[in-house]
Amino acid sequence: IKMYKVLLTKLYNIEYGNSTGNISVEDIDVSIGKEAMKLEHVQFMLDIDRILEFTKCFLNHVWVIYINKTEIPFWTSDAPVALNPMQNGWRSGRGIAAEGIEIILPLSDKVCLGMYDREYYGDLFYKATVKEDRIYIEIDDCNKVNSFNELQVRESYRCIFSSNQDFTLAKELCEKYPSIK
């Protein structure tokens, strides 16, 4: 739905923006029927060119498996593939192929997959970029786990899931940044 809202906003602003004023994504309400959404998903999954493009993107990432050794579980959400663009980058994009992108996907409350742009993070994960396909990192720092959980809160649409039902961090973030509610 977000993609449709962004596209409609851009199209409207290109076509009518000069005479009527620009609109923002928040000004548009879009709904798509269930059958139409299924068709979009099927077309996406069967598009071989797109699959190859995604494969190349993912191969250009360093894959890191994080093993959570803390008492704080990794959270997941209704949008579990969380994208974190490079910090303070004037060209930072939000797509999986964006320069400096960090992709975080919790697999369980104790295991999380991180994928990092090989060009931007190559020095940080030198061992994985030169000698291996993936790297394993044990996390015993609660702040690191909380940073992944914060990313899940920021990227979610409606729901956060935690194995221990403690959502204190999510409540604090919602109070500090009301736009993420």
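Here's a quick rundown of the structure. (Residues numbered from 1 in each chain as written. Predicted model: local features only at pLDDT ≥ 70, side-chain atom pairs only at ≥ 80, totals over all residues. Heavy atoms only, no water.)

### Re the layout of surface pockets
Then, number 1: Empty space within the second largest pocket amounts to approximately 340 Å³.
Then, number 2: Forming the boundary of the second largest pocket are 13 residues, of which Lys2, Lys5, Glu26, Ser156 and Tyr157 lie nearest the centre.
Then, number 3: Where the lining of the second largest pocket is concerned, the elements lending two or more residues are helix H1 (2-20) and helix H6 (142-155).
Then, number 4: No other element matches H1, which puts three residues into the lining of the second largest pocket.
Then, number 5: A class-by-class count of the residues in the lining of the second largest pocket yields six nonpolar, two polar and five charged. (1 Å grid on protein atoms, 1.4 Å probe; cavity = no way out; pocket = protein on both sides within 12 Å on 5 of 7 lines; lining within 4 Å. Points joined across faces, edges and corners; volume = space filled by probe spheres on them. Helix = DSSP H or I, 4+ residues; strand = E, 2+ residues; numbered from the N terminus. Nonpolar A, V, L, I, M, F, W, Y, C, P; charged D, E, K, R; others polar.)

### Let's talk about the pairing of strand S5 (residues 111-117)
Along a regular strand, successive side chains alternate from one face of the sheet to the other.
Then, number 1: Most of S5 sits inside the fold, with six of its seven residues counted as buried.
Then, number 2: Note that strand S1 (residues 61-68) and S5 share seven bridges and pair antiparallel. Following the sheet pairing, His61 is matched in S5 by Asp117.
Then, number 3: In this structure, strand S4 (residues 102-106) lies alongside S5, joined through five bridges in antiparallel fashion. In the sheet register, Pro106 faces S5, and the bridge partner there is Cys112.
Then, number 4: Connecting S4 to the next strand, S5, in antiparallel fashion are four residues. (Buried < 20%, exposed > 50% of the residue type's maximum accessible area, 1.4 Å probe, protein only. Pairing = 2+ DSSP bridges.)

### A word on the packing of aromatic side chains
Then, number 1: Using the criterion set out here, one finds seven aromatic pairs in the structure.
Then, number 2: Residues Phe54 and Phe58 carry aromatic rings whose centres are separated by 6.4 Å and whose planes lie at 35 degrees to one another, so their mutual orientation is tilted. Pair noted here: Phe54 and Phe58 are both in helix H3 (residues 48-59), with a separation of four residues, about one helical turn.
Then, number 3: Relative to Trp63, the ring of Phe58 has its centre 6.5 Å away and its plane inclined at 75 degrees; by these criteria the two rings are edge-to-face.
Then, number 4: For Trp63, a relative accessible area of 34% puts it in the partly exposed group.
Then, number 5: A network of ring pairs unites the aromatic residues Phe54, Phe58 and Trp63 as a single cluster. (Phe/Tyr/Trp six-rings, centres within 6.5 Å; stacked < 30°, edge-to-face > 60°.)

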